[in-house]
Amino acid sequence: MSTELINSGWFLGIIAALVVLFAAGLKLPVRIGSTNRVVTAVLVVGAAVGIVILANVALFRHDAYLDLTREKAFTPSAEARELVRALQEPVDVAYFYQKQNPGARALTTMLRQLERQNPNFRVQLIDADQNPALASSLGVRTYNSAVLQAGGRRIEVVTTDDREIALGLLRLMRRSELVICFASGHGEYDIDNFEFHTHFEGAQSHSHDASGLAVVQMEQHGIGRLRRAQTRTGRAKGFIRDRTANPG
Amino acid sequence: MRTLRLLFTKELNAILVSPIGYTVAAVFLLVLGYTFSLTLFATKVANLQYIFHQMYVLSILLVPVLTMRSFAEERRSETLELLLTAPVRELSVVIAKYAATLTLVLGIFAASLVYAWILDRYGEPDWGPIYAGYLALVLHASLLVAVGLLMSSLTENQVVAAALSIGTFLMLWFADSVSYLLPTPLDSVAINLSLIGHFKPMVSGSVFLSDVGYFVTASMLALFLTSWQLAQR
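My aim in this report is to walk through the structure given alongside it, one point at a time. (Residues numbered from 1 in each chain as written. Chains lettered and ligands numbered in written order. Predicted model: local features only at pLDDT ≥ 70, side-chain atom pairs only at ≥ 80, totals over all residues. Heavy atoms only, no water.)

Turning to the pattern of salt bridges, a few remarks are in order. Residue and element names in this part refer to chain B. What the rule picks out here adds up to 10 salt bridges over all chains. Across the pair Lys 10 and Glu 11 runs a salt bridge whose closest N-O atoms are separated by 3.0 Å. Since its relative accessible area comes to 39%, Lys 10 is described here as partly exposed. The shortest N-O distance in the salt bridge between Lys 97 and Glu 11 comes to 3.0 Å. With a gap of 86 residues between them, Lys 97 in helix α6 (residues 90–110) and Glu 11 in helix α1 (residues 2–17) connect regions that are remote in the sequence. Glu 11 shares its class with Lys 97; the two are buried. Several salt bridges converge on common partners, so that one network encompasses Lys 10, Glu 11, Glu 74 and Lys 97. (Salt bridge = Lys/Arg side-chain N within 4 Å of Asp/Glu carboxyl O. Buried < 20%, exposed > 50% of the residue type's maximum accessible area, 1.4 Å probe, protein only. Helix = DSSP H or I, 4+ residues; strand = E, 2+ residues; numbered from the N terminus.)

What follows is the structure in structure tokens.
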């Protein structure tokens, strides 16, 4: 049986329980025991409000969701949902969105939905224009920035895409050992060189397409590409330049 | 059930005889028509989100005008005691008044379906968010009417009843604004108390059962408190 169906059962059960409780509440006497009317009124009102708050907490914990948009615009990706469901420790996400950006607004809805998948995933949605001081206190300088924090670690992701948030979560929760790669002394270009276009050297001339070339070489262009890929996926902690190595 | 039907008919007739309902409907539809034309020409987007938000705000301002007289007027004219001493349960009286007022509000909302028809005639609207928006409006109206009746049952002065209702609605609307000042878990309580926080996702086509539950349970609470409060008399 799907979770959504079970949670719909929870919804009906909670509403039915409230109906029964309120019906019973209407039969309460004007005074409960030896208390006077005012105390009884405070007790009844307090109990009723408390029960409704508890019912809403239960509904929130066992929530079901329906995305009625044609393109399913507010449904988070399966990867993001799986990652959030699997969280074992609390993660706080503060998303500083720009109200005018439809993508950012859609992401706020997705984050709210993801929040209901796991109590460890705690989301705070903040209108960046209305709370510049809060953004500044967290070092946020760009619209649509999500600050992910867990156990003293912190990652900032600028995005309107839930998959980028999922990627950020992966980076935040990673516990693997640090691997240090030395990338000098083998004729590579400098690590700061991001040049990585497909490059051909042939008998006739230098070219960027393969027409009329007999020999194809792509030397020395790998390291910049690797660095960009590692930075993008968050695998690289940092790059240290070896000042003693010969450039090129 | 027959008693409830009789009470409902009596209440609905009382509402329809009074000029208040027509005045509220006229103001509501005038402002809504203006907003619809303005947003349609400005954005050229075939959706009703602006209209739903406008209806949300207008309901908060106009529903208290419809509910203020429900019990306050009966108290002032001393017909409430007569009603409560009749062989009907307090709950039936409350449900009848609630259903009659809600019928009027939903009738006014139904007039806005013409905008959906216009969008369908000249564009290709996404119907999912429109259905969800109307569901949100029905639930919103249900909560406002229930709270409005509760406030009306607390006083014999109609203006006080309306002021209490509007005050409560505004507090609920902006409840989440203070969440940043509160410690955990009180911040979550403040966020989840917010009317707009539960209304907005639904209007965009994103329906959480917990949002539906918020409106349903809060309406039930208000109706229970009204009935219980009347029973104490």
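Read on for the rest.
All right, on to the packing of helix α2 (residues 19–43) of chain B against helix α7 (residues 113–122) of chain B then. All names here are of chain B. At a minimum axis separation of 11 Å, α2 and α7 run at an interaxial angle of 20°. Taken together, the axis directions place α2 and α7 in an arrangement best described as roughly parallel. Seen from above, α2 lies across α7 with right-handed handedness. Across the interface between the two elements, Leu 29, Leu 32, Gly 33, Phe 36 and Leu 40 of α2 pack against Tyr 115, Ile 118 and Leu 119 of α7. (Axes fitted to C-alpha atoms, helices over the stretch in contact; angles between N-to-C directions. Parallel < 35°, antiparallel > 145°, perpendicular 65-115°, else oblique. Left-handed = near helix turned anticlockwise from the far one by under 90°. Contact = heavy atoms within 4.5 Å.)

Here we take up the nonpolar core. Residues Leu 48 and Leu 195 of chain B are the most contacted members of the largest nonpolar core, which totals 82 residues. Ranked by the residues each element gives to this core, the list is headed by helix α8 (residues 127–153) of chain B, at 15 residues. Apart from the residues lying within four places of it in its own chain, the contact partners of Leu 48 of chain B are Phe 36, Tyr 115, Ala 116, Leu 119, Ile 130 and Tyr 134 of chain B. Within the second largest apolar cluster, 24 residues are counted, among which are Leu 87, Leu 114, Ala 146 and Ile 155 of chain A. (Core = buried A, V, L, I, M, F, W, Y, C linked by side-chain atoms within 4.5 Å.)

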